[in-house]
Amino acid sequence: MRFDDDAGLDTSEVQDLRGSGGGGGGIGGRVALGGGGLGVVGLIIYFVLSQLGGVSAPSGSGLGGGLGSVGSGEQVDNSKLSSECKTGADANKNHDCAIVAIVNSVQDYWAQQFARSGSTYQKAPTKFFNGGVRTGCGSATSDTGPFYCPADSDVYIDLSFFDELKTRFGAQGGLFTEAYVLAHEYGHHVQNLLGTSKKGTGTGPTSGSVRLELQADCYAGVWANHASTTPTESGKPLITDVTQDDINAALDTASRIGDDYIQENLGGGQVDRSKFTHGTSAQRKKWFTTGFQTGEPARCDTFGTNNLG
């Protein structure tokens, strides 16, 4: 995947909290699992740790005391991003700028899709953090992995997570893997805007939680289908091409973050379907592929089918 050198970047869609002392607290602190409009969704690393017995599920209402995204006396500092990330050429050279470009592309697609449906898409920032962060869903550490918080409609990520994908999960890695992860989290934002998030409850192979995650995978695939044709505000696509190698990398990642793969390879070796929250590796690959091949959000109705794959 490459970016158009001349396309402009909008760094306002990313907020850099790194170095602000976001205050994450201990593992499992106050962030609550699951959808339903309360807890965070899209967790990967947290689930791995819980399978390994490393954390216990947090208690409470899921709102974590209503903590704001930035604590008292802390500042969001986007000056470095703003000065370094101006064009697609910057995105082709600078990893942080590439993440900005991906966020821009994903949100441009959904803004245009919502407009075609006669509604308005509300943009949500991706917030970079190191170590820990305070959110509308509570405090979280980097160990939770990337997540979306419905309470404040923000995406949170410690960029070191992408190294975790390679070292802990054995994924191929690469920029499009990162794009898949971010597009998945923005899929949760779309679900929140559409009111679907409240359905994402329970555990088990046909639970609302699994259906919510598989739909977000499908939405990520839909964006991938349109990534090289979605124009930015300048009128031209920000992404110039998505190759088969890119898609293969995304599918490789999907195969390594399924419930069955995680339980068998990173947990105790036994697959317990009653604890499924994200879907199997095969299901995650299937629904990303469905979105990518059709390019139609309507084909992502995981809640209206008995055949999840």
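Our subject in this report is the structure included herewith. Everything quoted here is computed from the prediction, not taken from an experiment.

Topic: the pairing of strand β4 (residues 132–135)
Note: β4 against strand β5 (residues 138–141), four bridges, orientation antiparallel. Across the sheet, the residue bridging to Gly132 is Thr141, located in β5. Here β4 folds back onto β5, and the loop between the two strands holds two residues.

Notes on the environment of Val100
Mapped onto the secondary structure, Val100 falls in helix α4 (residues 95–116). Considering only alpha carbons, one finds Val100 and Val14, 86 residues apart in sequence, at a separation of 6.4 Å. Sequence-distant contacts of Val100, that is, excluding residues within four places in its chain, are made with Leu9, Asp10, Thr11, Val14 and Leu81.

A word on the packing of aromatic side chains
For the structure on display, the rule yields nine aromatic pairs. Ring geometry for Tyr109 versus Trp110: centroids 4.9 Å apart, planes at 70°, classification edge-to-face. For the pair shown, Tyr109 and Trp110 are each scored as buried. Aromatic side chains Phe114 and Tyr121 sit 5.5 Å apart centroid to centroid with 75° between the ring planes, which places their arrangement in the edge-to-face category. Of the residues examined, Phe114 reaches a relative accessible area of 7% and is grouped as buried. With relative accessibility at 8%, the residue Tyr121 sits in the buried group.

Topic: the pairing of strand β7 (residues 154–157)
Of the two faces of β7, both are covered, the one formed by Asp154 and Tyr156 as well as the one formed by Val155 and Ile157. Taken together, the three bridges between strand β3 (residues 126–128) and β7 define a ladder with parallel strand orientation. Pairing of Lys127 across the sheet is with Tyr156, part of β7. With three bridges connecting them, strand β6 (residues 147–149) and β7 associate as antiparallel partners.

Section: helix α6 (residues 175–194)
Since one α-helical turn is 3.6 residues long, residues separated by three or four positions face the same way. Here α6 is 20 residues long and its end C-alpha atoms lie 29 Å apart, about the 28 Å a rise of 1.5 Å per residue gives. The buried fraction of α6 amounts to 16 of the 20 residues, a majority that puts the element mostly inside the structure. Positive backbone phi, approximately 85°, marks Gly195, located one or two places after α6.

Some points on the nonpolar core
Counting residues in each nonpolar core, the largest one holds 62 residues, and the members touching the most others are Phe3, Phe176, Trp223 and Phe288. Mapped by element, the contributors of at least two residues to this core are α4, β7, α5 (161–167), α6, α7 (208–226), α8 (244–256) and α10 (281–294). The element that contributes the greatest number of residues to this core is α4, accounting for 11 residues. In contact with Phe176, not counting residues within four places along its chain, are Met1, Trp223, Ala224, Val242, Asp246, Ile247, Ala250 and Phe288. Counting residues in each nonpolar core, the second largest holds eight residues, with Leu17, Cys137, Phe147 and Cys149 among its members.

Details of the packing of α6 against α7
Look at α6 against α7: their axes get within 7 Å of each other, and the N-to-C directions meet at 115°. Here α6 and α7 pass one another in a crossing that is right-handed. Only Leu212, Glu213, Gln215, Ala216, Asp217, Tyr219, Ala220, Trp223 and Ala224 of α7 make contact with α6, whose side of the interface consists of Phe176, Ala179, Tyr180, Ala183, His184, Gly187, His188, Val190, Gln191 and Leu194. Considering only residue class, the contact of α6 with α7 consists of 12 nonpolar, five polar and two charged.

Side note on α7
Over its 19 residues, α7 extends 27 Å from the first C-alpha to the last, a length consistent with the 27 Å expected when each residue adds 1.5 Å. With 17 of 19 residues buried, α7 is to be regarded as a mostly interior element.

What about the packing of α8 against α10?
Viewed as axis vectors pointing N to C, α8 and α10 meet at an angle of 150°, and their least axial separation amounts to 7 Å. α8 and α10 meet at a crossing whose hand is right-handed. Residues Ile247, Ala250, Leu251, Ala254, Ser255 and Arg256 of α8 pack against Ser281, Arg284, Lys285, Phe288, Thr289 and Phe292 of α10. Of the residues contributing to the contact of α8 with α10, the split by class is six nonpolar, three polar and three charged.

The rules we used
Sequence order sets the numbering: in each chain, residues are counted from 1 along the sequence as written. Only residues with pLDDT of 70 or above have their local features reported here, since the model is predicted, and side-chain atom pairs are shown and tallied only from 80 upward, although totals for entire chains, interfaces and linings are computed over all residues. Side-chain measures here rest on the full set of heavy atoms in the structure, leaving out hydrogens and waters. Two strands make a pair as long as DSSP finds a minimum of two bridges between them. Helical segments are the DSSP runs of H or I of at least four residues, strand segments are the runs of E of at least two, and each set is numbered from the N terminus. A contact between two residues is defined here by any heavy atoms of the two lying within 4.5 Å. Note on aromatic pairs: the rings of Phe, Tyr and Trp (six-membered ring only in Trp) are paired at centre separations within 6.5 Å, and the planes decide the class, stacked below 30 degrees, edge-to-face beyond 60, tilted for the rest. The classification of residues rests on relative accessible area computed with a 1.4 Å probe and restricted to protein chains. Under 20% of the type maximum is buried, over 50% is exposed, and intermediate values are partly exposed. Expected span of a helix: the number of residues minus one, times 1.5 Å. Grouping buried Ala, Val, Leu, Ile, Met, Phe, Trp, Tyr and Cys residues that are joined through side-chain atoms within 4.5 Å yields what is termed a nonpolar core. Under this scheme, a helix contributes an axis fitted over its contacting stretch, all axes are lines through C-alpha atoms, and angles between N-to-C directions fall in the 0 to 180 degree range. We call a crossing left-handed when the near helix sits turned anticlockwise from the far one by less than a right angle, and right-handed when that turn is clockwise. Each residue gets one of three labels, nonpolar for Ala, Val, Leu, Ile, Met, Phe, Trp, Tyr, Cys and Pro, charged for Asp, Glu, Lys and Arg, and polar for the others, Gly among them.

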